[in-house]
Amino acid sequence: MKNKSYQAPLYEALLTYQESGNRSFHVPGHKNGQVYRDLIEKANRGPSGMSEVVPTTAFLEMMQMDVTEISGTDDLHHPEGVILEAQQLAADCFGAEESFFLVGGSTAGNLAVLLTVCDEPNSIVLVQRNVHKSVIHGLMLAGARAVFLEPWVDPVSGLAVMPSVETVEAAVQAYPEAKGVLATLPNYYGMGADLTPVAEICHAAGMPLLVDEAHGAHYGQHPELPASALSCGADGVVQSTHKMLSAFTMGAMLHVQGPRLNRSLLRQRLAMVQSSSPSYPVMASLDLARRLLHVQGADTFTAGLAAVDAFKRGLAELPRFQLLQPAQALQQEPPAEAKPAAGDNGAADASGRPSTLPAPAMPSGAGYTAQDPFKVVIYDGAGVLSGYGLQQQLEAHGCVPEMSDERYVVLLFSLGSTMQDAEHLLQALGHISRANGQSQLQTEPLGQATTNGVHYISTWNNFQHGALVTFSEPIPFSLQPVLDKDTTEVALEDCAGYRSAEMIIPYPPGIPLIYAGEKISEPVIARIQLLRDEGAKFHGAADVTLRSLKIINN
């Protein structure tokens, strides 16, 4: 599809519509923005007080492309024309057999794949514990039972990454009737590992591997980026194209390959969870994001990676601020079976870097060997500023991070980042360092830092070190709420053996330590007590002091 890769069929159809000048006798009601243009004409004829309610010219131009399913614009839920062509081009670009546009973000994709594999009540799914809430909502809608797999925790940073290969293998053997395995990779910090052995375990058991790759839409498209989940063998992959590529917010894609997903049922589920009036500007932005990547290939990321490199070089001159990265060097040699990035001919790109894909980045026994270079994670090695405090000071200097926690700040670069961005960020960190008396501060190695004199306790790390059980029993999910009359409040230390009536969620980042319906264990109680006493914040608990929990009667 080399010649076709330069096309953007859906976007081009909207341009044709915009230029046609046809009069609208269909929705949407703004009539190509005409309602506002009429107000502009009134304001131009004299004082009317209407100028304050008229949007900007750029917004009005966008409204001229905000159409619905009419002749020439196709139908997302039954594509036969330009949307079908756009999705086929996306599949070619990202290495899928079939791709679907999502207008409700990765949330819609996660819901759809779970509703597809859970094709009967009480279906069992093996699910990574640290998942996005949309996965939990999908389990609820499906009436499924989840076996939660404990994630491997990086001992240096204390952050949870993904379940180990051994954990996945043991859970698959324990629950051979499971409908599939759902993993999330990369995490919010850009940390990841190779999914290939996990895919092999799933496929040997006849199960599909589903991956929430919301933060990895760019993976596999440049040799300095980690391998994509599809290239590792995943069957269904959900990507937020708007997060790390160039689509509008809410624009995402679902990529599938292989025979393990019922695609007819998947289409039905997508129609259920997505609007019957999808946003055409959002879909067109997916088409354009694909075209940019399809045409430019690895060169798409050259400027952004150069900005990251410049920032890291400058950061090295500010020793107070440390960088999170894998302790083990990443593999660079591509595997023999690696495919070139879509639209690539296997030669070096304009930067001189080889344009073949990197090898999967998880040697046996290691759980964090792949780091997204665009997710730059820093922390105050002196332990003076928490992640929250550092974010606040960066924002005061005009730099807005992606997120922060008790220790870390996540700085998100992308294909759109510039050298000027890197320079501004370094200047801000320099000002912050000097304002806090850098010369009198001593940095500490990662894993021993403190925050305001208190030892760092990660709310990401909900894995019980030394525990023999690395996955839960099946936990039922449904839309039926737990009623107060069916619960009892019990002192935290007395809750072992009971089933929780509430989700206990240390926040950030919002990974449930225990789910409603899950049996409460002594290690979980100890973990709650530790986090509580260290001042961690929790969502979901009726008792905000965490001195008691609500348990389900009987």
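Treat the numbers as computed from the prediction; the structure is a model and nothing was measured.

Caption draft 1: Highlighting the overall build of the protein. Looking only at helices and strands, the protein features 15 helices and 20 strands. Relative to its full complement of 554 residues, the protein shows a buried share of 54%. Contacts in the protein between residues far apart in sequence, at least 24 positions, make up 75% of those at least 6 positions apart. For the protein, the exposed surface amounts to about 23900 Å²; the carbon and sulfur share of it is 52%.

Caption draft 2: View of the pattern of salt bridges. Under the criterion given, the structure shown has 15 salt bridges. Put simply, Arg 267 and Glu 98 hold a salt bridge, and the shortest N to O gap is 2.4 Å. Of the two residues, Arg 267 is situated in helix α10 (residues 263-273) and Glu 98 in strand β1 (residues 98-102); the sequence distance between them amounts to 169 residues. Connected through shared salt-bridge partners, Glu 97, Glu 98, Arg 263 and Arg 267 make up one network.

Caption draft 3: Molecular detail of the confidence of the model for the protein. Model confidence for the protein is summarised by a mean pLDDT of 87, while 85% of its residues fall at 70 or above. Confidence drops under pLDDT 50 across residues 331-365; counting only partners more than four residues distant or on other chains, this segment forms 75 contacts. Between residues 448-456, whose pLDDT stays under 50, and residues either more than four places distant or in other chains, the model counts 21 contacts.

Caption draft 4: Examining the pairing of strand β6 (residues 209-212) more closely. Burial of the side chains of β6 extends over both faces: Leu 209 and Val 211 are buried on one face and Leu 210 and Asp 212 on the other. Sheet topology note: the strand β4 (residues 181-184)/β6 ladder contains four bridges and is parallel. The partner of Val 181 across the bridge, within β6, is Leu 209. By the bridge criterion, three bridges tie β6 to strand β7 (residues 236-239) in an arrangement that is parallel. The residue of β7 that forms the bridge with Leu 210 is Gly 236.

Caption draft 5: Representation of unusual backbone geometry in the model. Residue Pro 28 is bonded to the preceding Val 27 through a cis peptide linkage, with omega at 5°. Tracing the backbone shows Pro 28 in the loop between α1 (9-20) and α2 (34-45). Despite not being glycine, Lys 31 shows a phi value in the positive range, around 55°. Of note, Lys 31 is situated in the loop between α1 and α2. Of note in this structure, Met 250 is not a glycine but carries a positive phi near 85°.

Caption draft 6: Geometry of the packing of aromatic side chains. Evaluated as defined, the whole model comprises eight aromatic pairs. Ring centres of Tyr 175 and Phe 471 lie 6.3 Å apart, and the angle between their planes is 80°; this geometry places the pair in the edge-to-face category. Note that Tyr 175 is positioned in the loop between α7 (165-174) and β4 and Phe 471 in the loop between β15 (454-455) and β16 (475-476), a separation of 296 residues in sequence. Like Phe 471, Tyr 175 is buried. Ring centres of Phe 301 and Phe 374 lie 6.1 Å apart, and the angle between their planes is 45°; this geometry places the pair in the tilted category. Placement of Phe 301 in the loop between α11 (280-296) and α12 (302-315) and of Phe 374 in the loop between β10 (370-371) and β11 (375-380) is noted, with a sequence separation of 73 residues between them. Given the relative accessible area of 0%, Phe 301 is considered buried.

Caption draft 7: A look at the sheet that holds strand β9 (residues 321-323). Across the sheet, which stays open at both edges, the four strands sit in the order β9-β11-β13-β12 with antiparallel pairing between neighbours. In this open sheet, the two edge strands, each paired with only one partner strand, are β9 and β12 (403-404). The pairing of β11 with strand β13 (residues 408-412) spans five bridges and is antiparallel. By the bridge assignment for β13, Val 377 is matched with Val 410. Relative to β13, helix α13 (residues 387-396) is tilted by about 45°, and along the sheet it contacts β9, β11, β12 and β13.

Caption draft 8: Structural view of helix α14 (residues 419-435). For α14, which comprises 17 residues, the first-to-last C-alpha distance of 24 Å matches the rise-based estimate of 24 Å (1.5 Å per residue) to within 8%. Among the residues of α14, Ala 422, Leu 425, Leu 426, Ala 428, Leu 429, Gly 430, Ile 432 and Ser 433 are the ones counted as buried. Those residues of α14 that are buried lie in contact with α12, β9, β11, α13 and β13.

Caption draft 9: Expanded view of the nonpolar core. Of all hydrophobic cores here, the largest spans 54 residues; its most connected members are Phe 311, Leu 394, Phe 413 and Leu 429. When residues in this core are grouped by element, the largest group, seven residues, is from α11. The residues contacting Leu 429, other than those within four sequence positions of it, are Phe 311, Leu 315, Leu 318, Phe 321, Ile 378, Leu 390 and Leu 394. Val 161, Met 162, Leu 185 and Val 377 belong to the second largest nonpolar core, which has 43 residues in total.

What counts, and at which threshold
- Residues numbered from 1 in each chain as written.
- Predicted model: local features only at pLDDT ≥ 70, side-chain atom pairs only at ≥ 80, totals over all residues.
- Heavy atoms only, no water.
- Helix = DSSP H or I, 4+ residues; strand = E, 2+ residues; numbered from the N terminus.
- Buried < 20%, exposed > 50% of the residue type's maximum accessible area, 1.4 Å probe, protein only.
- Contact = heavy atoms within 4.5 Å.
- Areas by Shrake-Rupley, 256 points an atom, 1.4 Å probe, with all protein chains shown as cover.
- Salt bridge = Lys/Arg side-chain N within 4 Å of Asp/Glu carboxyl O.
- pLDDT = per-residue confidence, 0-100.
- Pairing = 2+ DSSP bridges.
- Phe/Tyr/Trp six-rings, centres within 6.5 Å; stacked < 30°, edge-to-face > 60°.
- Axes fitted to C-alpha atoms, helices over the stretch in contact; angles between N-to-C directions.
- Expected span 1.5 Å × (residues − 1).
- Core = buried A, V, L, I, M, F, W, Y, C linked by side-chain atoms within 4.5 Å.

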